[in-house]
Amino acid sequence: MSRYGRKIAVEELRAGMYVEALDRPWTETDFAFQGMRVDTADEIERLRALCRHVYVSPATLDEPTQPGAEDARRSTFRGAYAGRESSSDNAIRERTPRGFREELPRARMLREQARDLITTVHADIESGRTVDVRGAREVVAEMIDSVARHPDALLWFTQLKNRDAYTALHSLNVCMLSITLASALDLDEADVQEMGVGALLRDVGKIRIPLAILNKPGRLTDEEFALMRRHPEYGVDMLRDSPDLTPASLEIVLSHHERLDGSGYPNGLAGAQLSTYTQIVAIADVYDAVTSDRVYQKGRTPAEALTLMHGTDDREFNGRMLRVFEQTMGVHPPGSVVELNTGEVGLILPDSVGADEPVVLIVLDHRKRRYYPQRVRDLSRFPSFRIARVLQPGTYDIDVDDYAEEMH
């Protein structure tokens, strides 16, 4: 057996196998990565057209799967480990599964549509025009479809952070994270859509908060914080008369800062007074806020954020939902920027279900120079390589959006 894996004729290649090397240099092909897991019939056909034989990881030879089966198994797992929150026939169901790279362009387009929608909503409110709730509902429905096809594609784009555009990106990320968690909990799809619309619009009340307060680098005074705490009520006032906006969506706008222990605002609701969907958005909201750079704080890593949230001992957040969220995101969510013990820097790629270590797309060498073409390293197969530290999104000018374009 070669140091690259077991040599097989290309006709023997099946979905689920990990191709370590070809019978020609990767640079002579149009594949973006050196090393890849084969998930789709299209990828198999492309390899068959290029090669006579390939070198495959022995660990993936035993139980090859049909195209798309790995993604279906992954999606089923994410709904199963949580236990069933709802047995409704209307719960989110799997669409035809897609590979991560196949779904990524669609997720990218949805993110851009949602970002533009948020910008338009803010402009409409400031100009006194009616908010396009129908457009928000359509975007959220498409996000639900995307999560059902492959949950990691939208999660990849939650790693896009920009302090100067924090409010818009935060609204978008919280919506995507909320839908992902609700999907893992197998909740009613119609209700998830209303939750998603509320999550997308929940911070519009901040338009009435002075920029000097929103962008203040230091601690807010009691008076400033009291004003900030009114933004949920301002949002409801702005949206209440909007056609097509349901009470369920308005509840998210009003209550997304409420906490199980009654410590939240604006009404100090507690326990059963908080809907399941409000509790979901609260988790997504805090997680994205804590992991983002802001004028008054440096963003924490996902692991640090989850540790901080778990530290509430189920007082502020629903403990079971938080554990499901942690399992769904993983210690290193897709798109996270990491530095290995070798000094190389890369992006976390979606890994197979149950894997102990992630798969990393290596984009910089130990001198922080760009690798071209990029290479993939499965850390579970190479124990001498390990993650030394997690870096903030955008470190070394690494933008997940750039690599999303390269991967499809």
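Residues numbered from 1 in each chain as written. Predicted model: local features only at pLDDT ≥ 70, side-chain atom pairs only at ≥ 80, totals over all residues. Heavy atoms only, no water.

**A word on the environment of Gly394**
Moving on, step 1. Its place among the elements puts Gly394 in the loop between strand E10 (387-391) and helix H15 (400-407).
Moving on, step 2. Of the residues examined, Gly394 reaches a relative accessible area of 39% and is grouped as partly exposed. (Helix = DSSP H or I, 4+ residues; strand = E, 2+ residues; numbered from the N terminus. Buried < 20%, exposed > 50% of the residue type's maximum accessible area, 1.4 Å probe, protein only.)

**Here's the deal with the side chain of Thr158**
Moving on, step 1. Position of Thr158 relative to the elements: it lies in the loop between helix H5 (151-157) and helix H6 (166-184).
Moving on, step 2. Filtering out sequence-adjacent residues up to four positions away, Thr158 remains in contact with Asn173, Met176, Leu177 and Asp288. (Contact = heavy atoms within 4.5 Å.)

**Side note on the pairing of strand E9 (residues 370-378)**
Moving on, step 1. Judged from the five bridges that link them, strand E8 (residues 359-364) and E9 form a sheet pairing that is antiparallel. Note on E9: the bridge partner recorded for Leu361 is Val376.
Moving on, step 2. The turn linking E8 back onto E9 is made up of five residues, and Lys368 within it adopts a positive phi angle of 65°. (Pairing = 2+ DSSP bridges.)

**Regarding helix H4 (residues 133-149)**
Moving on, step 1. For H4, with 17 residues, the first-to-last C-alpha span of 25 Å sits near the 24 Å given by 1.5 Å per residue.
Moving on, step 2. Summarising burial for H4: 13 of the 17 residues are buried, a large majority. (Expected span 1.5 Å × (residues − 1).)

**Re the environment of Tyr18**
Moving on, step 1. With respect to the element layout, Tyr18 can be found in strand E2 (residues 18-22).
Moving on, step 2. Of the residues examined, Tyr18 reaches a relative accessible area of 10% and is grouped as buried.
Moving on, step 3. Note: C-alpha distance between Tyr18 and Pro58 (40 residues apart in sequence) is 8.5 Å.

**Some points on the sheet that holds E2**
Moving on, step 1. Taken in spatial order, the four strands make up an open sheet running E1-E5-E2-E4, and their pairing is antiparallel. Single-partner strands in this sheet number two, and they are strand E1 (6-9) and strand E4 (36-37).
Moving on, step 2. Pairing analysis gives three bridges linking E2 to strand E5 (residues 53-56), with the strands arranged antiparallel. Along E5, the bridge assignment pairs Ala21 with Tyr55.

**Quick notes on the environment of Val236**
Moving on, step 1. By the secondary structure assignment, Val236 is in helix H10 (residues 231-239).
Moving on, step 2. Of the residues examined, Val236 reaches a relative accessible area of 8% and is grouped as buried.
Moving on, step 3. The spatial distance from the C-alpha of Val236 to the C-alpha of Arg202 is 8.5 Å, given a sequence separation of 34 residues.
Moving on, step 4. Leave out the neighbours within four places in its chain, and Val236 touches Leu250, Val253 and Leu254.

Nothing here speaks to function; it is geometry throughout.
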